[in-house]
Structures are given as C-alpha cells and as structure tokens.
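Residue-level structure breakdown
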Amino acid sequence: MTATSGETWPDAAEWTGKIYSGGWRQSEGGTQLVNEPATGGRLAEVGVASPGDVARAGASAARAQQDWAAVAPPERAEILLRAARELRANSGAIREWLVRESGGVPAKGDYEIAAGLSQLAQAAGIASLPLGEILSPSVPGRASHAWRVPLGVVGVITPWNAPLLFAMRALAPALVLGNAVLLKPDPRTPVSGGVVVARLFEDAGLPEGLLHVLPGGPGTGEAVVADPHVAMVSFTGSAQVGRAVARAAGDRLKRVALELGGKNSIVVLDDADVDAAAAAGAMSAFGYQGQACVAAGRHLVHGGLVESYTEALIGHAKALRVGDPREGGVALGPVISERQAARVERIVDESVAAGARVLVGGRRDGLFYPPTVLDHVERTMPAFSEEIFGPVAPVIAFHTDTEAIEIANDTEYGLTAAVHSRSLPRATALAGQLRTGMVHINDVTAKDAANAPFGGMGASGNGSRIGGTANLEQFTQWRWMTMPETA
C-alpha cells in the first residue's frame, strides 16, 4: 500500500502477525490471513488476540488511564487533531486498504476518511465543553457540585462495513474524555479498522497503554466484554450479536451502547418528485452494495407512482457497473463474503418463490451481486421482513399516508427512514409518526454526521446515541460532591 507521499504506510514489517498492545508485539492467539473479497488474494497477516492478551491489555489500559484522566482536556484534544493530520497525510494508502479489504469503491473510501476526520474534529471540540454544574444546596452552608468523570476503560467492538469510521466514532470521544480503549476490529477488516487506527494514534503521540488494538473473532470479543477492567462496551453490528453482548454486559452490570441493524423505509408520497426520490432510493439501496445499517430495505411508493418510480429505479440499477472496485467506472464491488452473498441470494430466491418479481438483477456471480429491484413484495416474504444487507430494493405499494406509516412501522427495527413529498408539512407530519431514531425529508436513508445523535429504536439498539454532545452521556459518568462553603 502506498501513501500519498509515495512511501509505504503503514510499514508491514512493524505490524505483520502482531497486535498493538504496549507497542506492536506477538500475540498468544496466533495469526490470521486477510483476503481481498474482489480477487480472493492475500492482503495481509495480523495477530489474533487471545483472552490472555485481552486480560493484559485491560490491566495495562486501566493503569494508563489514571494518568490520562489527569491530563488537561486541551492536551488530549491536541492528540486527536494530530491523529487527524496523520489521517489526512496518509489518506491515499488508507483509501486503498479500505477498498481492497472491505470491497468498497474508492468514493466509499474517501467518504470514510472524510467522516473519520469529522469525528476526530468533533470529538476534539468536546474537550472545551462544560463538564459540570453547580447545584442548589440542599442544606444551607454546603456547596453542591456535579461533574462528569471518565468511565475508565472502554471496549469498542466494530464491524467490517465501515471499519475506519466506526472505530473513530467511538474511540475518539472516549479518549478525549479521559478513557482508555480496547478496540476489537472485525476479523475481515483488521487493517483498515485496527492497524491503521493504531498507527494514526501512535504517530500522533498518544501515550502508551491507552489504546490496544486486539483483532480476533467471537472469543476475543467475549473476552473484551468480560474483562473486569472494561467499564463500558460500545458495539456496532448485527442485532443477534448485539443481544449476546448486552446479556454478557448486563450480567456484569456494565454500561453497553448498541448500534444494530435496520429495516429502513424510503416513503414516496403521491406528490413526490419521482426522479429525485428514485435517485435517493437507488443511492440508499445500492450504495456500498447495500451493506449498511442505514440502507433502504423497503421502498414504499404510493400506488399512483409505483410504475414511474420503479422504471426510474431500474434505470439507475442498470447504469451501475459491478466489478473489482479498483477498476475505473465500477460502482459496486463485491459483497464481503460467500456467506453474505448466499444470504442475499436466499432472501431474493425465497421471495421470488413466494410471488415477488425480479425486475432487474437477481443473479450473482461469486461475491458480485448486481443491483436488484423486486416488486409484488408482500409482508410474508423475507425481502419484506429481513435485513438483506445487499443491493436489493423491494418495492411495496401503498394507497394512503396512514397505510404507509403502518407498513413502515411493521418491523422490530427502528433505525432510520426517508420521506419524499413536495409538501414539507405533510412529510414532517408523517415522519413524526415513524418509529425510528432518525428520519430525513427528501433525502436518502443513509446519512451520518459527527455532530448528530446517531442511533435507533427497537431492535436497532438499546436507546443509546453516539455523536455530538450525546458522547458526553455515552463515555462519562456523573460524580456529585458536597462540601462546606467555608473552611
């Protein structure tokens, strides 16, 4: 991998076959190979953290955190700003890792880098916010103060679909608020979601022991959740695994923040701009092969516009080239794995067997699944109920606003939605009745911003939010102190 400066970055000789825990070192858990989804070729070899590695990392992080919490907040913020400068300086190499390791196109890599920079800048700004308040005394003559203090050690478990972004989104605010971090990246993207992050903060001068990068599978994640030094776990991933993380954390009375899946609707009302809605629908359903929790998994379209919307959506699908994301003009790369490709295939095939109709796409070539549009989708079909995590757009007709709301809310998930209408009051009124943590008017479902409280309802999370000032609630806890007003 070559950085923008022409130098190799990060230097593979330093980290190949290793974990980052008190510097780069060999792990007890052995090593694993990292393969490129588009070609099947070998990309790298990383260390795998054993439970023993996690235990040592947790103890080291707890020791380092005590001194870090005493560092002035502006000095902590400066570390994040230096990490941002390193991210910008090495953006070319990092983008190539993102493309080759996760299968996204270069534009998706650019987005992650830009979003990572925003997360670092936003988190650095938290350092200047008030962290306490003076309370009215409950007893005359005694002062009463409350302020936020770090949690201690935070465990961050991230997925493969936006490995750099999801790492930065949690660890940047956790660090700037005085915590240490154990980061477990997904084993499919341990370089762009782990090695790269470690090198950025290492080069930025983060004191040793505050960040540990511990690649591995479920056993490593379980060890992070169970470690007695970890006070809080931030998990992004599937609802199934999220429930297991919540149970394990709950048994140990640990705080847990869950950002899980979604079955998100884009709702197109009868007065919508059909072309604009279809463009938003295509981007929401097909971007990054649909492998995003905020992707549009349902296209709810008023019956009077179904034909024109579907035709426009098909046009967008046919214009999108599928292939190796490093080739020019490719819009969709491979899905992440054979298992995921088979899942998408099953959902489509079972829905077609039950009466749905494939209007475009619907047949994969290895890990490459084309943009697919389905109609005649009914509520009994997997395409309606399951999170597909692939480039599939199920179109469902409705006839009244009330019916649209009822269909959109017919899911255990509640992450995001989009509503399209030329009437902002009408769209806003409908949006207010959707059970989602986020909703966007005349836009895509897939949106993110570093200063916004990101999160969902229902099975899309546990009510936690991340981003902006919500990070104060996420990564600190209150301390209350009273004292005599005079010595």
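In this text the structure is predicted, and so the values were computed from the model without any measurement.

Parameters at a glance
- Per-chain numbering applies: the sequence of each chain, read as written, is numbered from 1 onward.
- Local features in this predicted model are restricted to residues of pLDDT 70 or higher, and side-chain atom pairs are both shown and tallied only at a pLDDT of 80 or more, whereas totals for entire chains, interfaces and linings draw on every residue.
- Just so you know, side-chain values use all the structure's heavy atoms and leave hydrogens and water out.
- Only runs of H or I of at least four residues qualify as helices and only runs of E of at least two qualify as strands under DSSP, and these elements are numbered from the N terminus.
- Radius of gyration: C-alpha atoms only; globule rule: 2.2 Å multiplied by the number of residues to the exponent 0.38.
- Here the term buried applies to any residue with accessible area under 20% of the maximum for its type, exposed to any over 50%, and partly exposed to those in between, with areas from a 1.4 Å probe on protein chains only.
- In this analysis, two residues are considered to be in contact whenever any of their non-hydrogen atoms come within 4.5 Å of each other.
- Note on areas: these come from Shrake-Rupley sampling with a 1.4 Å probe, and a residue is covered only by the protein chains present in the view.
- Under this rule, positive means Lys or Arg and negative means Asp or Glu; His and the chain ends count for nothing.
- To locate a charge, take atom NZ for lysine, CZ for arginine, CG for aspartate or CD for glutamate.
- Any two strands between which DSSP finds at least two bridges are classified as paired.
- Each axis is a line fitted through C-alpha atoms, and for a helix only the stretch in contact is used; angles between axes span 0 to 180 degrees, taken between their N-to-C directions.
- An angle below 35 degrees is read as roughly parallel, one above 145 as roughly antiparallel, one from 65 to 115 as roughly perpendicular, and any other as oblique.
- The hand of a helix crossing depends on one turn: near helix anticlockwise from the far one by less than a right angle means left-handed, and clockwise means right-handed.
- The residue classification treats Ala, Val, Leu, Ile, Met, Phe, Trp, Tyr, Cys and Pro as nonpolar and Asp, Glu, Lys and Arg as charged. All others, Gly included, are polar.
- Known as pLDDT, the predictor's per-residue confidence is scaled from 0 to 100.
- Look down the strands so they point away from you; if the path from the first strand over the helix to the second goes clockwise, the crossover is right-handed.

**A closer look at the overall build of the protein chain**
- Across its full length, the protein chain carries 16 helices and 21 strands.
- What you see for the protein chain is a C-alpha radius of gyration of 23 Å, in line with the 23 Å of a compact globule of 487 residues.
- If one aligns the C-alpha atoms of the protein chain with their principal axes, the spans along those axes are about 75 × 60 × 40 Å.
- Counting the 487 residues in the protein chain, one finds 57% classified as buried.
- A separation of at least 24 residues holds for 72% of the contacts in the protein chain among residues at least 6 apart in sequence.
- For the protein chain, the accessible area works out to roughly 18800 Å², and carbon and sulfur atoms hold 53% of it.
- For the protein chain, the distance from the average position of its 41 positive side-chain charges to the average position of its 50 negative side-chain charges is 4 Å.

**Topic: the pairing of strand β15 (residues 372–375)**
- With burial as the criterion, each face of β15 is covered, one bearing T372 and L374 and the other bearing V373 and D375.
- Inspection of the sheet shows strand β14 (residues 357–360) paired to β15 by three bridges, in the antiparallel sense. Within β15, the position partnered with V360 by the bridge is V373.
- Bridge count for β15 against strand β16 (residues 392–398) is three bridges, and the pairing is parallel. Looking at the pairing, V373 lines up with A393 of β16.

**Brief notes about the packing of helix α3 (residues 73–89) against helix α6 (residues 163–176)**
- Interaxial distance between α3 and α6 falls to 9 Å at its minimum, and their mutual angle equals 155 degrees. Taken as axis vectors, α3 and α6 run roughly antiparallel relative to one another. Crossing geometry of α3 relative to α6 is assigned as right-handed. Across from R76, A77, L80 and L87 in α3, the residues of α6 making contact are L164, A172, L175 and V176.
- Here the residues of the contact of α3 with α6 sort into seven nonpolar, no polar and one charged.

**A look at the sheet that holds strand β5 (residues 132–135)**
- Taking strand neighbours across the sheet as the criterion, the three strands line up as β5-β6-β21 in an open arrangement whose pairing is antiparallel. The open sheet is flanked by β5 and β21 (476–484), the only strands paired with a single partner. Put simply, the sheet's adjacent strands are angled 20 degrees from each other on average, direction ignored.
- Inspection of the sheet shows strand β6 (residues 142–150) paired to β21 by nine bridges, in the antiparallel sense. Note that in β21 the partner of R148 across the bridge is W478.

**Brief notes about the packing of helix α4 (residues 91–102) against helix α5 (residues 106–126)**
- At a minimum axis distance of 9 Å, the contact between α4 and α5 shows a crossing angle of 125 degrees. It follows from the interaxial angle that α4 and α5 lie oblique. When you trace α4 past α5, the crossing you get is right-handed. Contacts between α4 and α5 involve S91, I94, R95, L98, V99 and S102 on the former and, on the latter, P106, K108, G109, D110, E112 and I113.

**Some details on the confidence of the model for the protein chain**
- Taken as a whole, the protein chain shows an average pLDDT of 96; of its residues, 99% reach a score of 70 or greater.
- This model gives residues 1–7 a pLDDT under 50, and the stretch forms 19 contacts once residues within four places in sequence are excluded.

**Quick look at the environment of A204**
- Within the secondary structure layout, A204 lies in helix α7 (residues 191–204).
- Judged by relative accessible area, which is 2%, A204 ranks as buried.
- For the pair formed by A204 and L87, sequence separation is 117 residues and the distance between their alpha carbons is 9.8 Å.
- When residues no more than four places from it in sequence are discounted, the contact partners of A204 are I79, R82, A83 and E86.

**What about the pairing of strand β10 (residues 230–236)?**
- The buried fraction of β10 amounts to six of the seven residues, a majority that puts the element mostly inside the structure.
- As judged from the five bridges shared by strand β7 (residues 153–157) and β10, these two strands associate in the parallel manner. When the sheet's bridge partners are listed, V156 is paired in β10 with S234.
- Bridge count for β10 against strand β11 (residues 255–259) is five bridges, and the pairing is parallel. Along β11, the bridge assignment pairs V233 with V256.
- A crossover connection joins β10 to the parallel β11 through helix α9 (residues 239–251); in handedness this β-α-β unit is right-handed.

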